[in-house]
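In case you want the letters, here they are:
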Protein chains: 2
Amino acid sequence: MKKHIYIYSPSGAVRDKAAFRRGVRRLQFLGHEVEIDPDALSSHMRFAGDDATRLAAIHRAAASGADVALISRGGYGLTRILDGIRYKAVSKAIERGTQFVGISDFTAFQMAVLAKTGCTTWAGPALCEGFGVGGKPAQNGVPAAPDDIMEDCFNDMITGQGEGTGWRQLREASGDTPATPEHRAAFRLGNATIWGGNLTMLASLVGTEYLPDIKGGILFLEDVGEHPYRIERLLTQLLHTGVLSSQKAILMGQFTDYKLSSHDKGFKLESVIQWLRSQIKVPVLTNLPYGHVDTKVMLPVGTKADLVVEGREALLFWGHPG
Amino acid sequence: MKKHIYIYSPSGAVRDKAAFRRGVRRLQFLGHEVEIDPDALSSHMRFAGDDATRLAAIHRAAASGADVALISRGGYGLTRILDGIRYKAVSKAIERGTQFVGISDFTAFQMAVLAKTGCTTWAGPALCEGFGVGGKPAQNGVPAAPDDIMEDCFNDMITGQGEGTGWRQLREASGDTPATPEHRAAFRLGNATIWGGNLTMLASLVGTEYLPDIKGGILFLEDVGEHPYRIERLLTQLLHTGVLSSQKAILMGQFTDYKLSSHDKGFKLESVIQWLRSQIKVPVLTNLPYGHVDTKVMLPVGTKADLVVEGREALLFWGHPG
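Procedures and definitions
Residues numbered from 1 in each chain as written. Chains lettered and ligands numbered in written order. Predicted model: local features only at pLDDT ≥ 70, side-chain atom pairs only at ≥ 80, totals over all residues. Heavy atoms only, no water. Domains from an automatic or database assignment. Contact = heavy atoms within 4.5 Å. Buried area = accessible area lost by both parts, 1.4 Å probe. Salt bridge = Lys/Arg side-chain N within 4 Å of Asp/Glu carboxyl O. Polar contact = N/O pair within 3.5 Å; in protein donor to acceptor, adjacent residues only side chain to side chain. Helix = DSSP H or I, 4+ residues; strand = E, 2+ residues; numbered from the N terminus. Nonpolar A, V, L, I, M, F, W, Y, C, P; charged D, E, K, R; others polar. Least-squares fit on C-alpha atoms with pLDDT ≥ 70 in both. Phe/Tyr/Trp six-rings, centres within 6.5 Å; stacked < 30°, edge-to-face > 60°. Buried < 20%, exposed > 50% of the residue type's maximum accessible area, 1.4 Å probe, protein only. Pairing = 2+ DSSP bridges. Axes fitted to C-alpha atoms, helices over the stretch in contact; angles between N-to-C directions. Parallel < 35°, antiparallel > 145°, perpendicular 65-115°, else oblique. Left-handed = near helix turned anticlockwise from the far one by under 90°. 1 Å grid on protein atoms, 1.4 Å probe; cavity = no way out; pocket = protein on both sides within 12 Å on 5 of 7 lines; lining within 4 Å. Points joined across faces, edges and corners; volume = space filled by probe spheres on them.

Interface size, as often reported, equals the accessible area lost upon joining of the parts. Residues and elements named next belong to chain A. In terms of domain boundaries, chain A breaks down into domain 1 (4-158) and domain 2 (164-317). Its C-alpha centre places domain 1 at a distance of 25 Å from the equivalent point of domain 2. Taken together, the 30 residues of domain 1 in the interface contact 27 residues of domain 2. For the pairing of domain 1 and domain 2, the buried interface totals around 2400 Å² over both sides, and the portion due to carbon and sulfur atoms is 67%. Where domain 1 packs against domain 2, one counts one salt bridge. Across the pair Glu-209 and Lys-116 runs a salt bridge whose closest N-O atoms are separated by 2.6 Å. Our count for the domain 1 to domain 2 interface comes out at 10 residue pairs in polar contact (both at pLDDT 80 or more). For the side of domain 1 that touches domain 2, the elements supplying multiple residues, two or more each, are strand E4 (99-102), helix H4 (106-117), strand E5 (121-123) and helix H6 (148-159). For the side of domain 1 that touches domain 2, the element with the most residues is H4, which contributes eight residues. Its residues assigned to classes, the side of domain 1 that touches domain 2 shows 18 nonpolar, eight polar and four charged.

Next up, the structure:
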């Protein structure tokens, strides 16, 4: 199904222009009309243009009438322009049918939009990292294919078919701290708002008007390049503000690209999960296929969902809960 | 003047035991009685003992009756035990004359003590990094000497002579964004609470009960190993919560041990300072000699102070404002 996809750059400058081009070609190969924002490849210091340029790009994306507004990449840059976004323009675009999709730094935008308008945006790929890299190499005129699951989820979203996602949690280590019973047992919960994204970005919004006040939600988290002790410190902030204990479930996604050191002496991401489970009664699920990895699902941030857990199997669905 | 100094480890495990011993010897050489907490060298994963061990160490330091309770080192570990600290015991110790001194991760303790009790603690050295390393090598039976200024400030604190600190700000680059007039002009402000410390730690307390609610204060900040874009993101959080604009002055200390990359293309710490000055009317001063550097002053966190600025020269004093 041919869709109109608008590519823009609200955060970091695109340096890997080959990945950008590959991503555009892949979307075109899939039959879509790809419109590229005039400043999508702009560069000002580490940003994709100065603050005014990036704000204008966001507002052009909102005015584009596209089916999907897809960021070129994450990086850093949205936080400092949150004050300048016209949230009403964004919510009108969403109501007209534009789906805003992105990841990483984009979490700042998604949280701000949810806080200011209550509208749904999608946690999913960026153009360069999602459609421009990885997967099968190009051959016989077929562009390099990105990850199947990611692309299937993207297709589900644009066709309105995507109604949920299932995954298998990590096997519990035989460690000394047992998982909470809530985690092991089978349970089902419903009518809970899906929200979250990049943990560092989320924590950086605590105390500001850009963090939505979601009670009884399903909070999903991922991060990249952050040592587990930093993950723990960020989670502790969410814990001490009461955000974690007021959710119905915490979904830990993929935490990647960090290095343990000899100083850690056994402290690792699993230690953090165990510690977190000792602090709250809310179930903490692991291994959600979302984060800075090729194989990632798409999640409708701001939409109500149900969650069914049976042992290691988890199913999150927002389509036709029944 | 002989003082009783209690050494304890509330955060990371001490791995550099030679630095620990050098620090102890240096304090003894200066004539002090050094008492070492029984768990000062304990290790549990990356921590100086498990949570209960480190909490007990803090409470032993508070009960020690020492003149100074000095941390062995920073690292990470205080955030997750803030709930377990008996703040009344700490405030009683401070009222009896124990000065709590530390840096880095210790900011979490200092902020929590200020929030819960209003008591003053000192931002200053840790044993290992402050007294155990650097400066002149050992010779003729005299232990390796740490930085003169740091040691002078420590001596001033324990003798009650320390009444302030002066420094020279960085020269403004001829850059495109001029400093705010407030920064250039001569001005004086008074009756402002000194507070702050490590920026990452401070931001990690936003939204929690452990960040003191200080209006009209003098906020000082430092950090280590954080790229300027991360510094900016943390400052943006403080900006968006209103913390920065409600202070009388922001003192930027030393930001060290980060690497700029080719992606930055001119974005650097100075860009962050310029941007910050464009966002708030509060004067933003630079180059406060405090942070993860040898030459650092000591600052009484929670004490009222005056600040006098004339061009690049700055003087902060809390002794006999007149």
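Here we take up the interface of chain B and chain A. Each side of the interface is counted separately: chain B has 39 residues, and chain A has 39 residues. Counting the contacts that link chain B with chain A gives six salt bridges. Note that A:Arg230 and B:Glu226 form a salt bridge whose closest N and O atoms lie 2.8 Å from each other. Counting the contacts that link chain B with chain A gives 16 residue pairs in polar contact (both at pLDDT 80 or more). Broken down by secondary-structure element, the contributors of at least two residues to the side of chain B that touches chain A are helix H8 (199-203), helix H9 (228-240) and helix H10 (269-279) of chain B. For the side of chain B that touches chain A, the leading source of residues is H9(B), giving seven residues. Residue composition of the side of chain B that touches chain A, by class: 13 nonpolar, 14 polar and 12 charged.

Expressed as a screw operation, the relation of chain B to chain A combines 0.0 Å of axial shift with a rotation of 180°, fitting to an RMSD of 0.0 Å. Each copy turns onto its partner about a two-fold axis. Considering only C-alpha atoms, the part of chain B nearest the rotation axis is B:Gly207, at 2.4 Å. An overlap of 100% is found between the interface residues of chain B and their copies at the interface of chain A, pointing to a shared contact surface.

For any two aromatic rings, the description comes down to two numbers: the centre-to-centre distance and the angle of the planes. With the rule as written, the count across this model stands at 18 aromatic pairs over all chains. Judged by centre distance (5.8 Å) and plane angle (50°), the ring pair of A:Phe47 and A:Tyr76 falls under tilted. Taken together, the residues span a long stretch of sequence, with A:Phe47 in the loop between strand E2 (33-36) and helix H2 (51-63) and A:Tyr76 in the loop between strand E3 (68-71) and helix H3 (87-95) at a distance of 29 residues. Across the pair, exposure class does not vary: A:Phe47 and A:Tyr76 are buried alike. Between the aromatic rings of A:Phe106 and A:Phe109, the centroid separation amounts to 4.9 Å while the plane-to-plane angle is 20°, which identifies the pairing as stacked. With a gap of three residues between them, A:Phe106 and A:Phe109 both fall in helix H4, about one helical turn apart. Exposure remark for A:Phe106: the relative accessible area of 0% places this residue in the buried category. Taking the relative accessible area as the measure of exposure, A:Phe109 reaches 0% and is therefore buried. Grouping aromatic residues by their ring pairs yields a cluster made of A:Phe47, A:Tyr76, B:Tyr229 and B:Phe267.

Of all the 11 residues making up H10(B), eight are buried; the element is thus mostly covered by neighbouring parts of the structure. Taken together, the buried positions of H10(B) are occupied by B:Leu269, B:Ser271, B:Val272, B:Ile273, B:Gln274, B:Trp275, B:Leu276 and B:Arg277.

All names here are of chain A. If you trace the six strands from one edge of the open sheet to the other, you get E2-E1-E3-E4-E5-E11, paired in mixed fashion. At either margin of the open sheet sits one strand with a lone partner, and together these are E2 and strand E11 (299-301). Recorded for the sheet is a direction-independent mean angle of 30° between the axes of neighbouring strands. Here four bridges tie strand E1 (residues 4-8) to E3, and the two strands are oriented parallel to one another. In the strand pairing of E3, Ile-7 is matched with Leu-70. Where helix H1 (residues 17-29) meets the sheet, its contacts fall on E1, E2 and E3, and the angle it forms with E2 comes to roughly 150°. Set on the sheet, H6 makes contact with E1, E3, E4 and E5; between it and E3 the angle comes to about 150°.

Residues and elements named next belong to chain A. Interhelical geometry of helix H9 (residues 228-240) versus helix H10 (residues 269-279) gives an angle of 20° and a closest axis separation of 9 Å. Between H9 and H10, the angle falls in the class roughly parallel. Here H9 runs over H10; the crossing is right-handed. Contacts from Pro-228, Ile-231, Glu-232, Leu-235, Thr-236 and Leu-239 in H9 reach Leu-269, Val-272, Trp-275, Leu-276 and Gln-279 in H10. A per-class count over the contact of H9 with H10 returns eight nonpolar, two polar and one charged.

A word on empty space enclosed by the protein. Here the structure, examined in full by the defined rule, presents two cavities of 30 Å³ or more. Here the largest cavity is characterised by a volume of approximately 220 Å³. Along the wall of the largest cavity there are 16 residues; nearest its centre are A:Thr200, A:Arg230, A:Leu234, B:Thr200 and B:Leu234. Every element with two or more residues in the lining of the largest cavity is listed here: helix H8 (199-203) and H9 of chain A together with H8 and H9 of chain B. Here the lining of the largest cavity is built from residues that sort into four nonpolar, six polar and six charged.

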